[in-house]
Amino acid sequence: MHHFAYRDGVLFCEEVSLAAIADAVGTPAYVYSTATLRRHFQVFRDAMAPLDPLIAFAVKANANIAVLHVLAQDGAGADTVSAGEIKRALAAGVPPEKIIFAGVGKTRAELGFAVDVGVGQINVESPGELVELIACAQTRGRKAPVALRVNPAIGAGGHDKIATGGGDTKFGISLADAPALYQAACQNPWLVPRGLAVHIGSQIKDLAPLRTAFQRVRALAETLRADGWPVRHLDLGGGLGAPYFDEPDPPSPSAYAALVKDVFAGFDAAFAFEPGRLIAANAGVLLTRVIRRQPRPERDILVLDAAMNDLVRPAMYEAYHDLKPLQEKDAAVETIDLVGPVCETGDTFAKGRTMPRLEPGEAAAFMTAGAYGAVMASTYNARPLVPEVLVSGDRFAIVRDRLSIEEQMGRERLPPWANAEPTPP
Ligand SMILES: *Cc1c(COP(=O)(O)O)cnc(C)c1O
């Protein structure tokens, strides 16, 4: 469920017409719905009651400070993968103790920063990282709260590029290596051992791999406890899929919660979850306008003003995003290719899409673009960085400006020697 719907033929986000935003802000532009973000967070929290877990929103899905602030106000923590994301979470009002710091390549500087600001949990992914973390904690005279991210040798997810739990991915410590490393963490005076973390992939629709992964985590936790090591926290990661089109049976937080409760029945622990896509995907759209129509013998091409630099998911993961006209159309549909202006064949949103006919100048919205959209945007082809807008009820505000080409060029300069050298003939 989300708060983007037609009213009298006009596509609204909550109480605001998206056409009004397109006119005021221009296109392309991301638009997020506060009510949808809050609702998804609430549904997840309700499903997980009475576990009363920490729900740490995965900042990498949508890092806008205004979005993080909405969730922080409802009690969300933050799952972060860089010092930059920690800074964003703090700026948005997430208390440090609700921040989880994960990621396979945390630098010593980033680990030090995380210890300095007092994040609640650092998920260590390798023996080398544990050594670095101990050094950081010791230098600062401050203990570091640590969990081991294990790789349960089972991957899942909507695309190879987003499956993280398979044995040969770069993520996590193998189940075989985990006990010795956890013991080392428990015995070190500069670490506070919390427990285990796992995250096996993204856009997961089939719960079976999650069940297997969680069973393995429970078995490992029981082994560690039997050996006398404290395992108080279990961080079960994110990954539950969001519906990208009208699916008959979308992945449901309640089924997911039932699975967690079943696997961990009788196992007393403090749980954490790191949903990203599930919370944000359906809470955002990307507004775009048709630049022109290119007739082709087979089927026409619609050239849009949004491109792969604004929304890379179709180019990178063959992802599907529905394109809805802002002004609802009569039943006449056509089959068409949807492309952006970037000079790459990969800059194609859809091939052979059947949808209502759109004319040049008309605006439309790519749906389900609130997660892994704006965060992955670039300025490729010297395009302005796409702006972001937040809607709440009948109000909207620009929460990230469109970064103009002049602002981008303003950060570049010729090297000092450029003017001294003779110009080549
Ligand atoms: C990406 C990621 C998440 C969020 O994944 P979603 O599929 O967006 O829920 C959570 N935890 C970790 C460690 C991640 O890398």
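Please refer to the structure higher up on the page.
A few points on the structure.

1. Some thoughts on the pairing of strand S6 (residues 77–80)
Side-chain positions along a regular strand alternate between the two faces of the sheet.
Phase 1: Along S6, one buried face is formed by Gly77 and Asp79 and the opposite face, lined by Ala78 and Thr80, is buried too.
Phase 2: In this structure, strand S5 (residues 54–58) lies alongside S6, joined through three bridges in parallel fashion. When the bridges of S6 are listed, phenylalanine 57 appears paired with alanine 78.
Phase 3: In this view, the connection linking S5 to its parallel neighbour S6 by way of helix H3 (residues 65–73) has right-handed handedness.
Phase 4: Across three bridges, S6 lies against strand S7 (residues 99–101) in parallel orientation.

2. A few points about the layout of surface pockets
Phase 1: Approximately 650 Å³ is the volume attributed to the largest pocket.
Phase 2: What lines the largest pocket is a set of 37 residues, and nearest its centre among them are Lys60, Val81, Thr164, Phe171 and His199.
Phase 3: Mapped onto the lining of the largest pocket, the elements with two or more residues apiece are helix H10 (277–280) and helix H11 (313–317).
Phase 4: Residue classes in the lining of the largest pocket are distributed as 16 nonpolar, ten polar and eleven charged.
Phase 5: Shared between two domains, the lining of the largest pocket holds at least three residues of each, these being domain 1 (4–31 + 281–409) and domain 2 (103–273).
Phase 6: Put simply, the second largest pocket is a space of about 540 Å³.
Phase 7: Of the residues belonging to the lining of the second largest pocket, the class tally is 14 nonpolar, five polar and five charged.
Phase 8: Two domains each provide a minimum of three residues to the lining of the second largest pocket, namely domain 1 (4–31 + 281–409) and domain 2 (103–273).

3. Quick word on the site of the ligand
Phase 1: In the vicinity of the ligand there are 13 residues, among which Lys60, Ser202, Glu274, Arg277 and Tyr372 approach most closely.
Phase 2: Glycine 276 places a main-chain nitrogen or oxygen 2.9 Å from an oxygen atom of the ligand.
Phase 3: Tyrosine 372 is positioned with one of its side-chain polar atoms (N or O) 2.6 Å from an oxygen atom of the ligand.
Phase 4: Calculation on the ligand without its partners gives an accessible area of 390 Å², and the protein chains cover 94% of this total.
Phase 5: At a threshold of 2 Å from the grid points, most atoms of the ligand map onto the largest pocket.
Phase 6: Among the residues forming the shell around the ligand, the class breakdown is three nonpolar, five polar and five charged.

4. Focus: the nonpolar core
Phase 1: Formed by 107 residues in total, the largest nonpolar core has its most connected members in Leu196, Leu234, Tyr256 and Leu338.
Phase 2: A total of seven residues in this core trace back to one element, the largest contributor, which is helix H8 (residues 208–226).
Phase 3: Built from parts of two domains, this core gets at least three residues from each of domain 1 (4–31 + 281–409) and domain 2 (103–273).
Phase 4: Phe4, Ile21, Val31 and Leu326 belong to the second largest nonpolar core, which has 18 residues in total.

5. Considerations on the sheet that holds strand S2 (residues 10–13)
Phase 1: In space, the three strands of this open sheet follow the order S1-S2-S3, with antiparallel pairing throughout. The outermost strands of the open sheet, each flanked by one partner alone, are strand S1 (4–7) and strand S3 (16–17).
Phase 2: Summarising the sheet, S2 and S3 pair through two bridges and their orientation is antiparallel. The residue bridging cysteine 13 from the neighbouring strand is valine 16, located in S3.

6. Some thoughts on the packing of helix H5 (residues 108–117) against helix H6 (residues 127–140)
Phase 1: In contact at an axis separation of 9 Å, H5 and H6 are set at 50° when each is read in the N-to-C sense. Comparing their axes, H6 and H5 come out oblique. You can see that H5 and H6 cross each other, and the crossing is right-handed. Taken together, the residues of H6 that come into contact with H5 (itself represented by Arg108, Leu111, Gly112, Phe113, Val115 and Asp116) are Glu129, Glu132, Leu133, Ala135, Cys136 and Arg140.
Phase 2: Here the contact of H5 with H6 is built from residues that sort into six nonpolar, one polar and five charged.

Calculation criteria
Residues numbered from 1 in each chain as written. Predicted model: local features only at pLDDT ≥ 70, side-chain atom pairs only at ≥ 80, totals over all residues. Heavy atoms only, no water. Buried < 20%, exposed > 50% of the residue type's maximum accessible area, 1.4 Å probe, protein only. Helix = DSSP H or I, 4+ residues; strand = E, 2+ residues; numbered from the N terminus. Pairing = 2+ DSSP bridges. Right-handed = clockwise from strand over helix to strand, strands pointing away. 1 Å grid on protein atoms, 1.4 Å probe; cavity = no way out; pocket = protein on both sides within 12 Å on 5 of 7 lines; lining within 4 Å. Points joined across faces, edges and corners; volume = space filled by probe spheres on them. Nonpolar A, V, L, I, M, F, W, Y, C, P; charged D, E, K, R; others polar. Domains from an automatic or database assignment. Near = heavy atom within 4 Å. Polar contact = N/O pair within 3.5 Å; in protein donor to acceptor, adjacent residues only side chain to side chain. Areas by Shrake-Rupley, 256 points an atom, 1.4 Å probe, with all protein chains shown as cover. Sits in = over half its atoms within 2 Å of the grid points. Core = buried A, V, L, I, M, F, W, Y, C linked by side-chain atoms within 4.5 Å. Axes fitted to C-alpha atoms, helices over the stretch in contact; angles between N-to-C directions. Parallel < 35°, antiparallel > 145°, perpendicular 65-115°, else oblique. Left-handed = near helix turned anticlockwise from the far one by under 90°. Contact = heavy atoms within 4.5 Å.

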